[in-house]
Amino acid sequence: MATLVAPAQYNPALFELFLLYDLEFVPPTIGPGRPDNFPTRTAIAEPMNLSFNQQTQALADFNIPFYVERQPAGSNRITTNLKWAKTSDQTERRVEAFLEELLMLIKNKVLTEGGNLAQTTVYWFFPASMTPGRVSQLRADWQLLYDRYIGGSAGRLREVSESVAPFYYYKQNPTLSASARPVINVDIGGGTSDVVVYERNEPKLLTSFRFAGNAIYGDAFSEYGAASHNGFVRKYADRIQTLLDSQSLGNLSDNNRRILDTNRSEDIMAFWFSIEKSNDVKAKSMLSFNGILAKDEDLKVVFVLFYSALLYHIARLMKHRNISLPGAITFSGTGSKLLTIISSDDQMLGKLARAIFEKVYEQMYDTSGLTLFYERKGPKEVTCKGALMQPANSRPVDTEAINYVYPATFNDEFPALTYADLRKPEVIDSLLKETNAFIDFFFAINQQFSFVRNLNVSARSLVIAQQELRTHLDTSLMDGIQRKEGDVAAEYSGMTDALGAPIEETLFFYPLIGAINKLANALA
């Protein structure tokens, strides 16, 4: 247990006091190599009996649970994924408390380092798929708290799209330029992936969709958790527990049991990926969940399918918009770590990407080819560093102006869709035809590229994928539509008022989210 003072050195009666210190106070040190560090999850802790009918305060009623992935939360309730939590008074108060503690920590850091608060610039990021109304609310929260704790001069609180910043980090590489050929940045998070296409070193096209890490590791469209039907959890729950017990990692072992009891695959998987970072873990390679998955030749097909679907959609979108073949693809975001599960060979990932784009465009690359760039360590930091590397005179990117939603119907039968259109059988049929066309494409790429030989995908898993991927696609599509309509209805005065609005994200991935979940379960 990572406490300020090891409880074993004191009277056992003080154990609860030291545990309370861990749960309720800001850690004494936050930084690289420490038990507590950034980036951390967008999560907040609060007492189980907290009343929202009374005024609440950061640190007194809420605190950021840096410990969330290394020890049980005691009598606290943990709320994760704050960015995408449903809007309510309770959500707003949790988000504000999270931001307030961040700015307290920033203020403390600036002052202890001898900095000047008046000259302190703070950058905050938002995902491209976040609605303008939600961004406006966060902007107001940030401004209020920045003025309260930092009080810098005007213009020193800056907002940046998560999807735009990474390009400027990678641009420092002299071999990367969007002056002659387009460059794509794909920011893969937990909930969403943001894609920006650059031409002549300027962002020209942006799109965003709910197809990211949770599409692989999560519970598909289950709102309350369904880990008992998640292939990754079913296959590895006992193995992870046994490894933790055998290495006498009692605290991590107890936390694993607690998180398994939540039945939320997203939280379970996040914890498993974090285990190797714990200072208590000595045999890190044995408990590296990323490493374990990289050697799993059965489940690897799930990651190859995700990667192929992502690039297929991007290629179809770019071709639809008459944008030429890209010269480079850059990746950022925590979810981009899945690339190392597919292959440790960057060139092999590049060859697969090239095969996908050439097949979609029906055009071969010239000798310049296609290059991939991504950070194996710290992909999330790429976004932060990119914001700092933006030219000082660069104007803010109008993400609304360059945003485009590609419906991805079969043969582009419906180039634009509203929510009312989703009630038409011919539209649903066209969307399902496009999904089936991609599945055909996926297996055709395998004939050309060979997932077995090049990526160590098991032949067995491909046979099972052939059997499973086309089942229940209509159910998954409708589940995705209903979930999205619920979100949209909340923005309007109900779904009736929203019917005429254009769709906010592509529907292409909805059937695949369900298909991926079912495939992983079949492979477990």
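Our subject is the structure that appears above.
The numbering scheme is per chain: residues are counted from 1 as the chain's sequence reads. Confidence filtering applies because this is a predicted model: local features only for residues at pLDDT of at least 70, side-chain atom pairs given and counted only at 80 or more, and all residues used for totals across whole chains, interfaces and linings. Each side-chain value is derived from all of the structure's non-hydrogen atoms; neither hydrogens nor water enter the calculation.

### Here's the deal with the overall build of the chain
Our working rule: Under the scheme used here, helices are H or I runs from DSSP no shorter than 4 residues and strands are E runs no shorter than 2 residues, and both carry numbers assigned from the N terminus. The globule rule used here is 2.2 Å times the number of residues to the 0.38 power, and the radius of gyration it is set against is calculated over C-alpha atoms. Contacts are assigned to residue pairs with any non-hydrogen atoms lying within 4.5 Å of each other. Throughout, the Shrake-Rupley method with a 1.4 Å probe supplies accessible areas, and for residues the shown protein chains are the sole cover considered. Just so you know, the count uses Lys and Arg for positive and Asp and Glu for negative, and it drops His and the chain ends. Positions of charges follow a simple convention, taking NZ of Lys, CZ of Arg, CG of Asp or CD of Glu.
Looking only at helices and strands, the chain features 20 helices and 9 strands. Computed over C-alpha atoms, the radius of gyration of the chain comes to 23 Å, within 12% of the 24 Å expected from 2.2 N^0.38 for 524 residues, which places it in the range of a compact globule. A principal-axis box enclosing the C-alpha atoms of the chain has dimensions of 70 × 55 × 50 Å. Excluding contacts between residues fewer than 6 apart, the proportion of contacts in the chain whose partners are at least 24 apart in sequence is 73%. In the form shown here, the chain has an accessible surface area of approximately 23500 Å², with 50% of it arising from carbon and sulfur atoms. Averaged over its 52 positive side-chain charges, the chain has a centre that lies 5 Å from the centre of its 59 negative ones.

### Details of the side chain of aspartate 194
Here is the rule we go by: Burial classes: relative accessible area under 20% of the type maximum marks a residue as buried, over 50% as exposed, and values in between as partly exposed (1.4 Å probe, protein chains only). A carboxyl oxygen of Asp or Glu within 4 Å of a side-chain nitrogen of Lys or Arg is what we treat as a salt bridge.
Positionally, aspartate 194 belongs in strand β6 (residues 193–199). Nearest to the buried, unbridged aspartate 194 among oppositely charged side chains is lysine 83, at 7.6 Å. For aspartate 194, the contacting residues outside a window of four places in its chain are Pro127, Ala128, Ser129, Glu162, Ser163, Asn185, Val186, Asp187, Thr207 and Ser208.

### Let's talk about the pairing of strand β4 (residues 157–161)
Threshold: Here the rule is simple: two strands pair whenever DSSP picks up at least two bridges between them. By convention, orient the strands away from the viewer: a clockwise path from the first strand over the helix to the second makes the crossover right-handed.
Pairing between strand β3 (residues 122–126) and β4: 5 bridges, direction parallel. When the bridges of β4 are listed, valine 122 appears paired with leucine 157. With respect to chirality, the unit in which β3 leads through helix α3 (residues 132–149) into the neighbouring parallel β4 is right-handed.

### Considering unusual backbone geometry
The linkage connecting phenylalanine 38 with the following residue, proline 39, adopts the cis geometry, with an omega of 0 degrees. Mapped onto the fold, proline 39 is located in the loop between α1 (15–24) and β1 (44–47). Positive phi outside glycine occurs at asparagine 411, with the angle close to 55 degrees. Mapping asparagine 411 onto the fold places it in the loop between α14 (399–402) and α15 (425–449). Owing to a relative accessible area of 59%, asparagine 411 belongs among the exposed residues under this scheme.

### Focus: the packing of aromatic side chains
Threshold: For Phe, Tyr and Trp, rings pair up if their centres lie within 6.5 Å, where Trp contributes its six-membered ring, and each pair is then called stacked (planes under 30 degrees apart), edge-to-face (over 60) or tilted (otherwise).
Under the criterion given, the structure shown has 30 aromatic pairs. Both rings, one in tyrosine 217 and one in phenylalanine 303, keep their centres 5.9 Å apart while their planes meet at 55 degrees; by these two values the pair is tilted. Remark: phenylalanine 303 occurs in helix α10 (residues 300–320) and tyrosine 217 occurs in helix α5 (residues 213–217); sequence separation between them is 86 residues. Judged on exposure class, the residue tyrosine 217 and its partner phenylalanine 303 are both buried.

### Overview of the packing of helix α18 (residues 473–491) against helix α20 (residues 509–523)
Applied cut-off: All axes are obtained by fitting lines to C-alpha atoms, using only the stretch in contact for helices, and the reported angles, taken between N-to-C directions, cover 0 to 180 degrees. Just so you know how the angles are binned, under 35 degrees is roughly parallel, over 145 roughly antiparallel, 65 to 115 roughly perpendicular, and the rest oblique. By definition, any crossing whose near helix is turned counterclockwise from its far helix by less than a right angle is left-handed, and any crossing with a clockwise turn is right-handed. In this classification, Asp, Glu, Lys and Arg are treated as charged, Ala, Val, Leu, Ile, Met, Phe, Trp, Tyr, Cys and Pro as nonpolar, and every other residue, Gly included, as polar.
Direction vectors running N to C along α18 and α20 enclose 120 degrees, while the axes themselves pass 7 Å from each other. Comparing their axes, α20 and α18 come out oblique. Of the two possible hands of crossing, α18 and α20 adopt the one that is right-handed. Within the contact between the two elements, α18 uses Leu473, Ser476, Leu477, Gly480, Ile481 and Lys484 and α20 uses Tyr510, Pro511, Gly514, Ala515 and Lys518. In terms of residue class, the contact of α18 with α20 is made up of 6 nonpolar, 3 polar and 2 charged.

### Topic: the environment of lysine 284
Keep this limit in mind: Think of a polar contact as two N or O atoms within 3.5 Å of one another; within protein, one of them needs to be a possible hydrogen donor and the other a possible acceptor, and neighboring residues in sequence only count if both atoms come from side chains.
Mapped onto the secondary structure, lysine 284 falls in the loop between α8 (265–274) and α9 (289–294). Overall, the relative accessible area of 33% leaves lysine 284 in the partly exposed class. Separated by 239 residues in sequence, lysine 284 and leucine 523 place their C-alpha atoms 26 Å apart. Among all residues touching lysine 284, those that are not within four sequence positions of it are Glu276, Lys277 and Ser278. From its side chain, lysine 284 meets the backbone oxygen of serine 278 in a polar contact 2.8 Å long.

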